[in-house]
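Descriptive structure summary
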Amino acid sequence: MLQYTLRRILIAFPSVLGVMIIVFAMVRFAPGDPAQLLAGEFADRATIELIRERFGLNEPQHVQFYRFVVGVAQGDLGMSTRTNRAVTADLASYFPNTIELALGAIFVALLFGIPAGILAALRPNSPFDLAVMIGALIGVSMPVFWFGLLAILIFSVQLGWFPVAGRGTLTHLVLPAITLGLSSMAIIARMTRSSMLEVLNQDFIRTARAKGLFGRGVVMKHALRNALVPVVTVVGLQFGALLAGAVITETVFSWPGIGRLLVDSIRARDYPVVQGSVLLIAVSFIFVNLFVDLVYGFIDPRIRYE
Amino acid sequence: MSESKTGAPTAQPNAAGSVAPRSPAGPRWRRRLLRNPVAVFGMIVIGFFLLVVLFAPFLAPYSPTEQNLRTTYVPPGVGVKLRGPDGQWGIWVHPVTRSPTAGVRVDESVAHPVRLFVRGTQWTWFFGLIKSDLRLFGVDGPTRFYLLGTDEQGRDLLSRLIHGAWISMFIGLISIAIGVGIGVPAGAISGFLGGGTDMVVQRVIDTLLAFPGILLAIVLVATFGTGLTNVMIAVGVASVPIYARLVRGSVLQVKNREYVEAAAALGRRRLSTLGRHVIPNVMAPIIVQSSLQMATAILFAAGLGFLGLGARPPQPEWGLMLARGREYLAVAPHVATFPGLAIMFVVLGFNLLGDALRDALDPRM
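The following refers to the structure shown. (Residues numbered from 1 in each chain as written. Chains lettered and ligands numbered in written order. Predicted model: local features only at pLDDT ≥ 70, side-chain atom pairs only at ≥ 80, totals over all residues.)

This part is about the interface of chain A and chain B. Taken together, the 38 residues of chain A in the interface contact 35 residues of chain B. Secondary structure elements with two or more residues in the side of chain A that touches chain B: helix 1 (2-29), helix 6 (127-141), helix 7 (144-158), helix 10 (216-252), helix 11 (258-267) and helix 12 (271-299) of chain A. The leading source of residues in the side of chain A that touches chain B is helix 10 of chain A, at eight residues. (Contact = placed C-beta atoms within 7 Å. Helix = DSSP H or I, 4+ residues; strand = E, 2+ residues; numbered from the N terminus.)

All names here are of chain B. Compared with an ideal rise of 1.5 Å per residue, which puts 37 residues at 54 Å, helix 5 (residues 157-193) spans 53 Å between its outermost C-alpha atoms and is within 8% of the ideal. Counting buried positions along helix 5 gives 27 out of 37 residues, so the element sits mostly inside the fold. Phi turns positive one or two residues past the end of helix 5, at G194, with a value near 65°. (Expected span 1.5 Å × (residues − 1). Buried ≥ 20, exposed ≤ 12 C-beta atoms within 10 Å, placed from the backbone.)

Residue and element names in this part refer to chain B. As paired strands, strand 3 (residues 96-99) and strand 4 (residues 103-106) are joined by four bridges and run antiparallel to one another. Bridged to V96 within strand 4 is V106. Turn length for the strand 3-strand 4 hairpin, with the two strands adjacent in sequence and antiparallel, is three residues. (Pairing = 2+ DSSP bridges.)

Further remarks concern the pairing of strand 5 (residues 112-125) of chain B. Residue and element names in this part refer to chain B. Examined bridge by bridge, strand 2 (residues 89-93) and strand 5 share two bridges and lie antiparallel to one another. Note that in strand 5 the partner of W92 across the bridge is P113. In terms of strand pairing, strand 5 meets strand 6 (residues 130-139) through eight bridges, oriented antiparallel. From the neighbouring strand, W123 faces strand 6, where its bridge partner is S132. The turn joining strand 5 and strand 6, which pair antiparallel and follow one another in sequence, is formed by four residues; a positive phi near 50° is taken by F126.

A few words now on the packing of helix 11 (residues 283-307) of chain B against helix 13 (residues 333-361) of chain B. Residue and element names in this part refer to chain B. Packing of helix 11 against helix 13 brings their axes to within 8 Å, and their N-to-C directions diverge by 165°. As judged from the angle between their axes, helix 11 and helix 13 are roughly antiparallel. Relative to helix 13, the crossing made by helix 11 is left-handed. Counted together, A284, I287, V288, S291, L292, M294, A295, I298, L299 and A302 of helix 11 and I343, V346, V347, F350, N351, L353, G354, L357, R358 and L361 of helix 13 form the full contact between these two elements. (Axes fitted to C-alpha atoms, helices over the stretch in contact; angles between N-to-C directions. Parallel < 35°, antiparallel > 145°, perpendicular 65-115°, else oblique. Left-handed = near helix turned anticlockwise from the far one by under 90°.)

Printed below as a string of structure tokens:
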């Protein structure tokens, strides 16, 4: 297990480095003077020169990159050109909100996705199975922002059950979490169904049935535990994808998370914050994946010897 | 053919070629596909979408950009009657105006019939090659018929939706072209050659895959600027790692098969073996992925449009239209509803086809 863990961690490092290169390159490839981009549109000449000096923008690219990496390691991502706050401070105040939303979404996705997948697998090709599968396809095909708007229109504007936007109480979380979790719910339902179907056709289930076990006992005790193993991976990957999906959902519901921060910063050409949010989302995604791999290696030892 | 290193006679590599199975499942996959009702439904949706793309100006009753500030936010179906002034059957429309103070007003004293194949304003299509003023349907008279209502600038929503179809279509195709054009060779070479090349390509793919979902496209748009062209490129590049990983996996499965070894034994060059014997045998997942990619690309592009990072006004891009409708959701919900429905149906069509193609091409998947 230790060897497997170390190997996985080693594989994650080049990705983190790659992400840093891309984030570093964003400002350098964007049209215009990098110092001007980092200082903001309305910065005066002195500020621009200060930024140029601070990030070493006159120096060769590899020196600049080294400075950037050192800065990131020390938690220095520059200053927001809009708010004049440290980027790390902005990220620290917005990121927990995104985590909250993503956790809510994954909860919704699991709550409905897994039971739907199990029930569909127990009666393959039944009307219920068909409904779940079609529902899942509609779920992945529906534009998140459209579903969010419809949800606001029906449940907030018409029925008044939930607040229209913002963050605060649990009622604020309901619609954004369902909206964000919708496609994950669909994917989890499909994965649970196919995994369950596969397990239900295996010998040990046949043995259990032959020994006289019927109904729920077989499903819950024997099949489900095995069927959920691949679902764990999907859940992990989905959690990472939700961090990116939050970009749209947060904009729809004016949720003060990192996704909305990213979009607002792109619109305002606030490059330091854009860099910081992209870096944070991508690195979180890498670590979530790493964690999922480790958990997967733990519950299914065959993976470790791949 | 005759460029084999060992100078083998030209006939032999051909013989090696005939060892390779033709297409993954032969013509049977087509029958399987057509027998699947889900696939047929998907194809009907896509076919309808293609017709709309091809015949947009003929199908759209009005220009997508023509404004009329006296008819903003007209809800669908207002002023439309199924009986004419003399009690005759047909679709008749009364002139409708809307002002912030007086609201929607229908002038019942005037009515004009809706007819098929009417002459409207002149349109050009296919870069000016086709010019006409014929439209599938329209009002025989000076009144306007807003089947799906109007938006915040009084533009006909149906016409905008119809004219927006090609944008989605085009984004999807360009994205597939970029994804296949870069991702397939990268993945194939990486998987086939292995070793150091594989290492490097894999690390690049891993890095790109660290940007989940729409994030990579957002990063590219944030770097190179917004606008439709950049969105197409961004969505395309975002699909490169997916193709590359997919093809690499398939190539790894195929590369040790007998027919590949036979080609190598006969002295065929490695890259030529890859092109002639390996890639044709990993086409099935590429085709499946392309159908699904079409769906993803349309969703991503609409998402970028919605975020204000994609197409710019007054382009009738569906995501952008939805974003505009969002601001007036309580007043005119139809403005956001119809573009969303359009996106969903087209995406659903490609997802259904992709799923069905996967079942048909490789029942084991």
